[in-house]
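Architecture at a glance
Residue-level listing of the chains:
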Amino acid sequence: MADGSDKENDGESCHRNLPPNRDVLAPRSDVSCRNDKVVFVHSQMYIDLCNNLAKVPGRASAVHGLIEAYGLTKELSLVEPRPATVAELTSFHSTDYIDHLRKASAEEDEEKDIDVSEEFGLCYDCPILPGVYEYAAMVAGATLTAAQCLIDGECQVAINWHGGWHHAKKDEASGFCYVNDPVLAILRLRERFSKVLYIDLDLHHGDGVEDAFCCTSRVMTLSLHKFDTGFFPGTGDIQDTGMGRGRYYTVNVPLRDGIQDSQYFSVFNKVASQAESCYKPEAVVLQLGADGMSGDPMGCFNLTPQGVGRCLGQVLDWKLPTLLLGGGGYHVGNTARCWTSLTAQVLGKSLPPDIPEHEHFTEYGPDYELDISPGNRVNHNTDEYVEEVINTVTENLAHVM
Ligand SMILES: CC1(C)CN(C2CCCC2)C(=O)N1c1ccccc1/C=C/C(=O)NO
Ligand SMILES: [Zn+2]
């Protein structure tokens, strides 16, 4: 959990500088979008940065390449990102951590020594790579750019597939996440919207986001993830429901290996509709990490873009300002297939089944098809287990008014 709230803070958040609540602003219905533009944060420099430093080298250009090859960039409203400022980064992260990240990143250039200091979590899983600060600041800036477009009513949906780094803590890198861009976006959205719902569909528990908002009722976090002995990050059990004013505003849906589209959507549909109807958010941040896809090297879930697409469709039907972020996803071709399919869904476009000829075409062999066939890993999520999870979540959400 992030540090205790400030004295003058009324416990609405577990971190500093949360702007005053602006419920007095226009009511929920007023926050309509002026048009159905879909903002897509993009620049070649941004792709190049993400290509070299993200936890999956080359994934950023493969994702963008497929979206472009299907002609979707012509339908999107492309917005260039700019790096987050230190002030923006420290709206959540500690100044010490950001200073250390900035200095260590620069030092790495000059001294070429490997910094394995455990301090600030900057070691094995999160090595200090040259330029890591510039990368993290640009990713955070891209996500903040998308959030700002929603706040300004420029669009109803804004997308940053290269964001979604949900493990980073206030003063610690974790799980190859250096800056928690979802948290920064939620803090920015909270300047305009009184209640924000964060939904995390990555294979891993969105622990960094949950920690940041576990004490406030102004942000509800809902995470569906694999939860099993020894599986990173080890948090996100069903009885973790938040603390203090935030009690029952943290929702965890722990799942086992082998879940497939129909069961996954059945769980999501019930839990997310209850969360939306009892919480009545004014904006949504949806992390769509693709490491639960069948064929991912994580090798845990049997999901396909169609299954996650049904979850996305339910969220889009709420007609709320919605920020879409990426996250995990370690099979480059399948991650590109997933996020391209979801981008087309947001645009209301259907795509031809064969991967178009383009620079990254070879990533998609041997079938060169857009669809991913569902995996056949043994499903350890019995109907009884799933029913018990849904019943427990339902009981907990009954406390949310
Ligand atoms: C280093 C990477 C990120 C890559 N990787 C696999 C993918 C395929 C081969 C290695 C991991 O398990 N990683 C991790 C290592 C330590 C802690 C966390 C993660 C992943 C976090 C995540 O995805 N959160 O959403
Ligand atoms: Zn993940």
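Note that the coordinates shown come from a computational prediction; the quantities given were computed from them, not determined experimentally.

Quick look at the coordination of the zinc ion (ligand 2) now. Around the zinc ion (ligand 2), the donor atoms from the protein are D202 (OD), H204 (ND1) and D291 (OD), and they sit 1.9 to 2.1 Å away. Mapping the donors of the zinc ion (ligand 2) onto the primary sequence gives the spacing D-x1-H-x86-D. Of this pair, D202 sits in the loop between β4 (196-200) and α7 (207-213) while D291 sits in the loop between β7 (283-287) and α9 (305-316), placing them 89 residues apart in sequence.

Here the focus is the sheet that holds strand β6 (residues 250-255). Taken together, 8 strands build an open sheet; the order of strands is β2-β1-β3-β8-β7-β4-β5-β6 and the sheet is parallel. Two strands bound the open sheet, and with one partner strand each, they are β2 (77-79) and β6. Each adjacent strand pair in this sheet contributes to an overall mean axis angle of 15°, direction not counted. Strands β4, β5 (219-226), β7 and β8 (322-325) of the sheet are contacted by helix α6 (residues 181-189), whose axis makes an angle of about 160° with β4.

The tally for this structure, following the rule as stated, stands at 6 aromatic pairs. Here Y249 and Y279 contribute two aromatic rings whose centre-to-centre distance is 5.7 Å and whose plane-to-plane angle is 65°, an arrangement assigned as edge-to-face. Within this pair, whereas Y249 is found in the loop between β5 and β6, its partner Y279 is found in helix α8 (residues 261-279), the two being separated by 30 residues in sequence. Its guanidinium or amino end placed over the ring of F193, R192 lies 5.8 Å from that ring's centre, counting from NZ or CZ.

Take the environment of L351 next. With respect to the secondary-structure elements, L351 resides in the loop between α10 (332-347) and α11 (383-397). It is 8.3 Å that separates the C-alpha atoms of L351 and L370, two residues lying 19 residues apart in sequence. Leaving out residues up to four positions away in the same chain, L351 has contacts with Y70, L72, T340, A344 and L370.

Parameters at a glance
Every chain's residues receive numbers from 1 upward, in the order its sequence appears when written. Just so you know, chain letters begin at A and ligand numbers begin at 1, following the order they were written in. Whole-chain, interface and lining totals are the exception, using all residues; otherwise, since this is a predicted model, local features are given only for residues with pLDDT of at least 70 and side-chain atom pairs are given and counted only at 80 or more. Values shown for side chains rest on all heavy atoms present in the structure; no hydrogens or waters enter the calculation. With water excluded from the atoms, a metal site may look incomplete; its donors are any N, O or S atoms within 2.8 Å, or within 3.2 Å for Na, K and Ca. Comment: elements are numbered from the N terminus, with helices defined as DSSP H or I runs of at least four residues and strands as E runs of at least two. Here the rule is simple: two strands pair whenever DSSP picks up at least two bridges between them. Axis angles are defined between N-to-C directions and span 0 to 180 degrees, where every axis is a line fitted to C-alpha atoms and, for a helix, only to the segment in contact. Between two residues, a contact is recorded if the distance between any of their heavy atoms is within 4.5 Å. A pair of Phe, Tyr and Trp rings is counted when the ring centres sit within 6.5 Å of each other, with Trp represented by its six-membered ring. The angle between the planes then sorts it: under 30 degrees is stacked, over 60 is edge-to-face, the rest tilted. We call a charge positioned above a ring when the Lys NZ or Arg CZ atom is no farther than 6 Å from the ring centre and deviates by at most 35 degrees from the ring normal.

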